[in-house]
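# An overview of the molecular structure
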Amino acid sequence: MQRHKYPRTRHLPWSPGATTDDLIADSVEAFTGQRVIVTEKMDGENTTLYNDHLHARSVDSRHHPSRNWVKALHGRIAYQIPDGWRLCGENLFARHSVAYAGLPSYFMLFGVWDEQQRCLDWDSTLEWAALLGLDVVPTLFDGIFDPKWFESFEQDLERSEGYVVRLAASFTRAEFGSSVAKWVRADHVQTDTHWMHQAVVPNELAAPSEGPDEEDAS
């Protein structure tokens, strides 16, 4: 089965974290008048799951201990992924530049692609997440693109890498460059050593919710 590297996401024109090596969107015209979804950009490792394989952004990515948890998750849900489809999300097991506490899961979905190289619309993405029992990256805005929202939006940049804007409608791989864009905080990487070359420090999951006590259950 063919493997697909996740496309590079362009920076929004006002993204302070863009460097000379990054792709930057010329405009946001494709979003104008369209329903868009703004999600938190999670600071993890881009990961793709098929029904018979998984990989990080690089399709030939090798073993790393930070990927063991996602491999176990994949073993439980892979049979439910249709042939030729793939799930794209963030592997948040290892701490990178943002230290997370209270995560609902170490894998958070942000896209589902079918065998025709089409990214499903957002509502269908949420349906697949519910079907597979997966958590989705947090939604910050869902509505018609509004530049004023972005001007007034404030994030806790100690706890967030930034945000991603995507069309709520489906789009093809060829349309990805105009359908998805990101905003990344300035000087996002806070260490000189790449996280893969450091000891793995797990992020923290949320404490499991407590069930009813014996009195309530009786």
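Given the structure is predicted, the values throughout are model-derived calculations rather than measurements.

Here we come to helix H2 (residues 122-132). Three or more residues of H2 are buried, namely Trp122, Thr125, Trp128, Ala129 and Leu132. On an axial view of H2, the arc spanned by its buried residues comes to 115 degrees, and they lie on one face. Across H2 from its buried face, at more than 90 degrees, point the exposed residues Glu127, Ala130 and Leu131.

Across the sheet, five strands lie side by side as S1-S12-S10-S2-S9; this open sheet has mixed pairing. Two strands lie at the open edges of the sheet, namely strand S1 (10-11) and strand S9 (139-144), each paired on one side alone.

On to unusual backbone geometry. The phi torsion of most residues other than glycine is negative, and most of the peptide bonds are trans. Backbone geometry places Gln117, a non-glycine residue, at a positive phi of 65 degrees. Locating Gln117 in the fold gives a position in the loop between strand S6 (107-113) and strand S7 (118-119).

Attention shifts here to the UniProt feature "domain: RNA ligase" (unreviewed entry) in the chain. Under the UniProt annotation, "domain: RNA ligase" (unreviewed entry) lies at residues 35-184. Between the first and last C-alpha atoms of residues 35-184 the distance is 22 Å; the span itself is 21% helix and 34% strand.

Think of it this way: side chains of opposite charge can pair up when their charged atoms draw near. Enumeration according to the criterion identifies six salt bridges in this entry. Note that Arg35 and Asp142 form a salt bridge whose closest N and O atoms lie 2.8 Å from each other. Of this pair, Arg35 sits in strand S2 (residues 35-41) while Asp142 sits in strand S9, and the two are 107 residues apart along the sequence. Given the relative accessible area of 30%, Arg35 is considered partly exposed. For Asp142, a relative accessible area of 42% corresponds to the partly exposed category. With a shortest N-O distance of 3.7 Å, Arg159 and Asp156 are connected by a salt bridge. For Asp156, a relative accessible area of 42% translates into the label partly exposed. One connected set of salt bridges, linked through shared partners, spans Arg35, Asp123 and Asp142.

Counting across every chain of the model gives 17 aromatic pairs. Here the aromatic rings of Phe93 and Tyr106 are separated by 4.8 Å at their centres, their planes lie at 65 degrees, and the arrangement is edge-to-face. Placement of Phe93 in the loop between strand S5 (86-91) and S6 and of Tyr106 in the loop between S5 and S6 is noted, with a sequence separation of 13 residues between them. Of the two residues, Phe93 and Tyr106, both sit in the buried class. Ring geometry for Trp149 against Phe150: centres 5.0 Å apart, planes inclined by 85 degrees, an arrangement best described as edge-to-face.

Another point: helix H1 (residues 68-77). Of all the residues in H1, the buried ones are Val70, Leu73, His74 and Ile77. Angular distribution of buried residues about the axis of H1 spans 100 degrees; they occupy a single face of the element. Opposite the buried face of H1, at more than 90 degrees from it, the exposed residues are Gly75 and Arg76. Looking at the packing, one finds that the buried side of H1 touches strand S3 (45-49), strand S4 (54-56), S5, S6 and H2.

Thresholds applied
Residues numbered from 1 in each chain as written. Predicted model: local features only at pLDDT ≥ 70, side-chain atom pairs only at ≥ 80, totals over all residues. Heavy atoms only, no water. Buried < 20%, exposed > 50% of the residue type's maximum accessible area, 1.4 Å probe, protein only. Helix = DSSP H or I, 4+ residues; strand = E, 2+ residues; numbered from the N terminus. Arc of directions from axis to C-beta. Pairing = 2+ DSSP bridges. UniProt positions renumbered as here; feature names shortened; annotations may be inferred. Salt bridge = Lys/Arg side-chain N within 4 Å of Asp/Glu carboxyl O. Phe/Tyr/Trp six-rings, centres within 6.5 Å; stacked < 30°, edge-to-face > 60°. Contact = heavy atoms within 4.5 Å.

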